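# Structural characterization, general
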Amino acid sequence: MNPRTLLTIIALHIAAVMVQAQQLLPLPSVPSDLTVPMQRADYIMRHFWDAMDWNDTCAARNSAFMEINMVNFFSIAPHASSDAVTSSFRDFAAHAAADSISLQLVAELSHRYLGERQSPVYHEPSYEIMCRVLADCYQPQSPQRVYLDYALQTLAKNRHGTRAADFTFIDRHGRTRTLFSTLRQGTVTLLIFFDPDCSDCHTLTAALTRDSSIARQITDGTLAVTLITPFDTDPAAWQRYADTLPTAWTVGYSPLGQIDTDELYDLPAIPSIYLPAPDGTVIHRNLTTLPSDLTNTATQQ
């Protein structure tokens, strides 16, 4: 490589690093007497934006600046207490609400990073808190408030600790069954909503098929795998795919796609994974990855 070209690349890289450094707010200095990790996280959450000049609308409206700092802010939330997350989110939104453009940017970035499963800082409990906080910033009939109210209604469905919504399905043997009829004492159910045409679903089912731990737990009776297509589907095409899946699994589809049309479950993406306990209580919802030992994870809840 030409030495001049190399020097130019290095200079551009240094400039990019300097620009990024200027965009990062300094982390608050945590008092030394706070030694418990959650207390330290709480302090950082409550003081994260102390160095922000909210009168500087150029910064508050700058998407790159707000994005990098909000991602850092959100990354702390899972380690902090609910009270600290709520109070820090309220203070943050109150500052942003002084300028409608800043508030809209905060809302968009919150949906993207806290609410989307592909986000590196996706965290549903924090997303719900942020939706409640942002809803208070908008008039009741505004489009933003309507969207936030709908998001909160969706998040309330089949939440952790509540009883899962029961539903009817047709299994691969043509029998009409319900979710609750498949639940057994001492057995945790891995409930997967899938689509036969979904490539990510194929990847997941292939991984489950190869997983010796899953097979062992099914044999032991501590785990059951149930795959359900929630949408209206072509029964013949669906049957061809269902017949390729392990016989130990329960596989079915929702008649006329009622699970989807009635919005019984929050299905932000397919596959969507839920984990109901034997009594139907939701242990996990919308898992992005599978726990290494599903039954141990269940008993720890």
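Above this text is the structure in question.
Calculation criteria
Residues numbered from 1 in each chain as written. Predicted model: local features only at pLDDT ≥ 70, side-chain atom pairs only at ≥ 80, totals over all residues. Heavy atoms only, no water. Core = buried A, V, L, I, M, F, W, Y, C linked by side-chain atoms within 4.5 Å. Buried < 20%, exposed > 50% of the residue type's maximum accessible area, 1.4 Å probe, protein only. Helix = DSSP H or I, 4+ residues; strand = E, 2+ residues; numbered from the N terminus. Contact = heavy atoms within 4.5 Å. Axes fitted to C-alpha atoms, helices over the stretch in contact; angles between N-to-C directions. Parallel < 35°, antiparallel > 145°, perpendicular 65-115°, else oblique. Left-handed = near helix turned anticlockwise from the far one by under 90°. Nonpolar A, V, L, I, M, F, W, Y, C, P; charged D, E, K, R; others polar. Salt bridge = Lys/Arg side-chain N within 4 Å of Asp/Glu carboxyl O.

This brings us to the nonpolar core. Grouped together as the largest cluster of nonpolar side chains are 47 residues, with contacts concentrated most on Trp-49, Met-52, Met-66, Phe-74, Phe-89 and Phe-92. For this core, the elements supplying multiple residues, two or more each, are helix H2 (37-47), helix H3 (57-60), helix H4 (63-76), helix H5 (82-96), helix H6 (100-114), helix H7 (124-135) and helix H8 (143-155). In this structure, Phe-92 is in contact with Trp-49, Trp-54, Met-66, Met-70, Phe-73, Val-106 and Met-130, ignoring residues within four places of it in sequence. Of all hydrophobic cores here, the second largest spans 38 residues; its members include Ile-218, Leu-223, Leu-245 and Ala-277.

Turning our attention to the packing of H6 against H7. Two numbers describe how H6 lies on H7: the axes approach to 10 Å, and their chain directions differ by 160 degrees. Here H6 is positioned roughly antiparallel relative to H7, judged by the angle of their axes. Pair H6 / H7 crosses with left-handed handedness. Here Leu-103, Val-106, Ala-107, Ser-110, His-111 and Leu-114 of H6 lie close against H7, whose contacting residues are Glu-124, Ser-126, Tyr-127, Met-130, Cys-131 and Leu-134. Tallied by class, residues from the contact of H6 with H7 come to eight nonpolar, three polar and one charged.

Now for the pattern of salt bridges. Under the counting rule described, the total for this entry stands at 12 salt bridges. When the shortest N-O distance is used, the salt bridge between Arg-112 and Glu-67 registers 3.6 Å. Here Arg-112, found in helix H6, pairs with Glu-67, found in helix H4; they are 45 residues apart in sequence, far enough to count as distant. Note on Arg-112: relative accessible area 38%, which makes it partly exposed. Here Arg-177 ties to Asp-171 by a salt bridge, and the two come within 3.5 Å at their closest N and O atoms. You can call Arg-177 partly exposed: its relative accessible area is 23%. Residue classification places Asp-171 among the buried positions, given a relative accessible area of 3%. In this structure, a network of salt bridges that share partners links the residues Glu-124, Asp-266 and Arg-285.

Attention now moves to the packing of H4 against H5. When two helices pack together, their arrangement is captured by the angle between the axes and the distance separating the axes. Across the interface, H4 lies against H5 with an axial gap of 12 Å and an inter-helix angle of 165 degrees. The orientation of H4 with respect to H5, classified from their angle, is roughly antiparallel. The two elements H4 and H5 meet at a crossing, and its hand is right-handed. Listed contacts from H5 to Met-66, Met-70, Phe-73 and Phe-74 of H4 are Ser-88, Phe-89 and Phe-92. Considered class by class, the residues forming the contact of H4 with H5 number six nonpolar, one polar and no charged.

It is worth spelling out the side chain of Thr-154 at this point. Note on placement: Thr-154 falls in helix H8. Not counting the four nearest positions on each side in its chain, Thr-154 is found in contact with Asp-266 and Arg-285.

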